Amino acid sequence: MTHILHDAHDRDPHEKEFLQAVADVMTSVQPVLDKTPEYRHHGIARRMVEPERIITFRVPWLDDAQQVRVNRGFRVEMNNAIGPYKGGLRFHPSVNQSILKFLAFEHVLKNALTTMPLGGAAGGADFDPKGKSDAEVMRFCQSFMAELFRHIGADTDVPEGDIGVGSREIGYLFGMYRKLCNQFSGVITGKGLGWGGSLIRPEAAGFGCVYFAAQMLAARNDTLEGKTCLISGSGNVAQATARKLIEMGAKVMTFSDSSGHIYDEQGIDLDKLEFVKRLKNIRRGRISEYVDQYPDATYTPTTPEMESNPLWEHRGQFVFPCATQNEINAQDAYHLINNNVKLVCEGASMPCTSQARTIIMDKGILYGPGNAANAGGVAVSGLELTQNSIRLTWLGDEVDSRLKIIMKGIHDTCLAAADANGHPGNYFIGANIVGFIKVAEAMLDQGVI
Ligand code: NDP
Ligand code: 2IT
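Residues numbered from 1 in each chain as written. Chains lettered and ligands numbered in written order. Predicted model: local features only at pLDDT ≥ 70, side-chain atom pairs only at ≥ 80, totals over all residues. Heavy atoms only, no water.

A. The arrangement of the site of ligand 2 in detail. Taken together, 13 residues form the shell around ligand 2, and within it Lys86, Lys110, Glu160, Asp162 and Ser381 come nearest. At 3.0 Å, a side-chain N or O of Asp162 approaches a nitrogen atom of ligand 2. Here an oxygen atom of ligand 2 sits 3.2 Å away from a polar atom, N or O, in the side chain of Arg201. Put simply, the parts of the chain that give the shell around ligand 2 at least two residues each are β3 (85–91), α6 (97–113), β5 (157–161) and α16 (376–390). Residues of the shell around ligand 2, tallied by class, amount to one nonpolar, seven polar and five charged. (Near = heavy atom within 4 Å. Polar contact = N/O pair within 3.5 Å; in protein donor to acceptor, adjacent residues only side chain to side chain. Helix = DSSP H or I, 4+ residues; strand = E, 2+ residues; numbered from the N terminus. Nonpolar A, V, L, I, M, F, W, Y, C, P; charged D, E, K, R; others polar.)

Have a look at this one:
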């Protein structure tokens, strides 16, 4: 195994997020590689860590002052052995090839776990939608799609949203695709309800994350009822996670964004959540404004130089990181442990550093890894594609009940795989093994491609 990590490192020594994801996954599938020599003979792991294709392109656009701006766009098509490439588009100034390769690699395993026929990809641009007018965002999306359209398609590669890409951006991207291709298809998911979208898709990642946590607890005769919860982020995944937690009787106390976090000791109820949704999705404001509306809550700013995030110093029994990668480091993990945290369930992609994850798991704290716990998002994207293919729209209850079944299936197969490979109760190892085997077997069947 170490030779795969060394090769990946020698090829791309600066891609720290990608190398982190590869090391995490490859270390945890070691028991499977040890007992399956065919995988080594057929170079399965070596092929899996090399993207099938990376497309990089210039995205020129005019801002409102008629100045030319230039961003860099990407699509990393990692693996389509079990279905069309599938994964989000991220618009954030931090976007680079390393982050997108890590997200695409995670998608290969996560999408396989859902049991749906979906390969893995990720894309985006180093464009910051914050502070841009709707017209600027539209022009950017149109220019981005003016190149991306050549590479995607309902049976080829199906993008979705991710950080910085929500319903507004998906609308502009889909509109441009439709015009360029003269075709109305399921090529993008997360579409509006009136034009091919699925009920529950906006909520799916967060709802699924809470269903996964509920499954982990049920396996230990516990529930979410009455538990205090810390959530990071205040975007799509954080909002839906909060809603489902509140509906299931838990007490949500925090939200954050990249500038800081709010702490509401009284608990965030559905009315307060509605305020946050309007603030973040419509007014596009900052989470600090929560305390103007609810003065009993407190706001604490954060800066990138801080060694730890004060959000994780609050006392909460359950923790749901729903913002971004590596947002819980070793020091944050120690703070959580000192406050007696009982469960960490990842709504975001790779929110714990490898060190933080090890610290949390070594303490025996229940840990739901992102590629299992947040797989509800891409699973319902798969259900959106199914509805597009049969030209029907299912009722919300139907989609939600399918989501619940999928999340229970993911939970149970992860647990069974962890058990069968000598790591009982280790969802992280279980998730990686289940996803890896599914893709590896398809690659074996299909030859050296
Ligand atoms: P959104 O853009 O809707 O929300 C992102 C939230 O995270 C915002 O509150 C944002 O704050 C905060 N954030 C972003 N970057 C940072 C940072 N560097 N430091 C601190 N906070 C930050 O994105 P989503 O909710 O869609 O995505 C959140 C996470 O969930 C990502 O890891 C994504 O990969 C994952 N995910 C998303 C799914 C989906 O369907 N959308 C499905 C499964 C997982 P600010 O406004 O200041 O940027
Ligand atoms: O990280 C994720 O799972 C997503 N951003 C959603 C991807 C998808 O294709 O639904």
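B. Local environment of a nonpolar patch on the surface. Together, Leu62, Val68 and Val70 make up a nonpolar patch on the protein surface, roughly 270 Å² of accessible area in all. Tracing the backbone through its elements, the reader meets Leu62 in strand β1 (residues 53–62). A relative accessible area of 35% places Leu62 in the partly exposed class. (Patch = residues over 30% accessible without salt bridge, like charges linked within 9 Å, V, L, I, M, F, W, Y side chains within 5 Å. Areas by Shrake-Rupley, 256 points an atom, 1.4 Å probe, with all protein chains shown as cover. Salt bridge = Lys/Arg side-chain N within 4 Å of Asp/Glu carboxyl O. Buried < 20%, exposed > 50% of the residue type's maximum accessible area, 1.4 Å probe, protein only.)

C. The arrangement of empty space enclosed by the protein in detail. Summed over all chains, the structure comprises two cavities of 30 Å³ or more. In this structure, the largest cavity occupies an estimated 100 Å³ of space. Every residue lining the largest cavity is counted, 13 residues in all, and those nearest its centre are Glu106, Glu346, Met350, Tyr367 and Phe428. Mapped by element, the contributors of at least two residues to the lining of the largest cavity are α2 (16–28), α15 (370–373) and α18 (427–446). Counted as a void, the second largest cavity has a volume near 30 Å³. Contributing to the lining of the second largest cavity are Leu103, Glu106, His107, Lys110, Asp162 and Ser349. Here the lining of the second largest cavity is built from residues that sort into one nonpolar, two polar and three charged. (1 Å grid on protein atoms, 1.4 Å probe; cavity = no way out; pocket = protein on both sides within 12 Å on 5 of 7 lines; lining within 4 Å. Points joined across faces, edges and corners; volume = space filled by probe spheres on them.)

D. The arrangement of unusual backbone geometry in detail. The phi torsion at Ile200 lies on the positive side, around 75°, for a residue other than glycine. By secondary structure assignment, the location of Ile200 is in the loop between α8 (167–181) and α9 (204–218). Ile200 gets classed as buried once you look at its relative accessible area, which sits at 15%. The phi dihedral of Met350 is positive, around 50°, even though this residue is not glycine. Within the secondary structure, Met350 is located in the loop between β12 (343–345) and α14 (354–362). Residue Met350 is classed as buried on the basis of its relative accessible area of 5%.

E. Just the sheet that holds strand β8 (residues 254–257), in detail. Spatial strand order, β8-β9-β10: three strands in an open sheet with antiparallel pairing. If you trace the sheet from one side to the other, it starts and ends with β8 and β10 (298–301), each paired once. With direction set aside, neighbouring strand axes in the sheet form an average angle of 15°. (Pairing = 2+ DSSP bridges. Axes fitted to C-alpha atoms, helices over the stretch in contact; angles between N-to-C directions.)

F. Looking closely at the layout of surface pockets. Computed from the structure, the second largest pocket encloses a volume of approximately 410 Å³. As for the second largest pocket, its lining consists of 22 residues, of which Gly186, Leu385, Thr386, Asn388 and Ser389 are closest to the centre. Split into classes, the residues belonging to the lining of the second largest pocket amount to nine nonpolar, 10 polar and three charged.

G. Quick peek at the side chain of Glu169. Positionally, Glu169 belongs in helix α8. There is a polar contact of 3.0 Å between the side chain of Glu169 and the side chain of Arg168.

H. Layout of the packing of aromatic side chains. The full count for this structure, using the stated rule, is 18 aromatic pairs. Measuring from ring centre to ring centre gives 6.1 Å for Trp61 and Phe140, while their planes differ by 90°; the resulting arrangement is edge-to-face. Of this pair, Trp61 sits in strand β1 while Phe140 is found in helix α7 (residues 134–148), placing the two residues 79 residues apart along the sequence. The two residues Trp61 and Phe140 agree in class, both being buried. On the basis of an interplanar angle of 65° and a centroid distance of 6.3 Å, the ring pair of Phe275 and Tyr290 is categorised as edge-to-face. Within this pair, whereas Phe275 is found in helix α11 (residues 270–282), its partner Tyr290 is found in helix α12 (residues 290–293), the two being separated by 15 residues in sequence. For the pair formed by Phe275 and Tyr290, the shared burial category is buried. The rings of Phe57, Trp61, Phe91, Phe127, Phe140 and Phe144 are connected pair by pair, giving a single aromatic cluster. Cation over ring: Lys132 sits above Phe127, and NZ or CZ is 5.3 Å from the ring centre. (Phe/Tyr/Trp six-rings, centres within 6.5 Å; stacked < 30°, edge-to-face > 60°. Lys NZ or Arg CZ within 6 Å of the ring centre and 35° of its normal.)

I. Focus on the side chain of Ser381. The residue Ser381 is located in helix α16 in this model. If we ignore the near neighbours within four places in the chain, the residues touching Ser381 are Lys86, Glu160, Thr189 and Arg201. (Contact = heavy atoms within 4.5 Å.)

J. Highlighting helix α10 (residues 236–247). With 12 residues, α10 extends 17 Å from end C-alpha to end C-alpha; this agrees with the ideal 16 Å at 1.5 Å per step. Counting buried residues in α10 gives nine out of 12 residues, a clear majority hidden from the surface. Within the span of α10, buried status applies to Val237, Ala238, Gln239, Ala240, Thr241, Ala242, Lys244, Leu245 and Ile246. (Expected span 1.5 Å × (residues − 1).)

K. The sheet that holds strand β2 (residues 68–79), seen in detail. Within the open sheet, the five strands sit side by side as β1-β2-β4-β3-β5. Their pairing is mixed. In this open sheet, the two edge strands, each paired with only one partner strand, are β1 and β5. If you compare each strand with its neighbour and ignore which way they point, the axes differ by 20° on average. Here β3 runs beside strand β4 (residues 120–125); their pairing, made up of three bridges, is parallel. Bridge pairing links Leu89 to Gly123 in β4.

L. Representation of the site of ligand 1. Around ligand 1, the surrounding shell holds 26 residues, and the nearest of these are Asp162, Arg201, Ser258, Arg286 and Ser349. One of the side-chain N or O atoms of Lys130 is found 2.9 Å from an oxygen atom in ligand 1. Within the side chain of Asp162, one N or O atom sits 2.7 Å away from an oxygen atom of ligand 1. Summarising the interface, the protein chains cover 84% of the accessible area of ligand 1, which totals 890 Å² for the free molecule. Of all elements in the fold, only α10 and β8 reach the threshold of two or more residues within the shell around ligand 1. Here the shell around ligand 1 is built from residues that sort into six nonpolar, 12 polar and eight charged.

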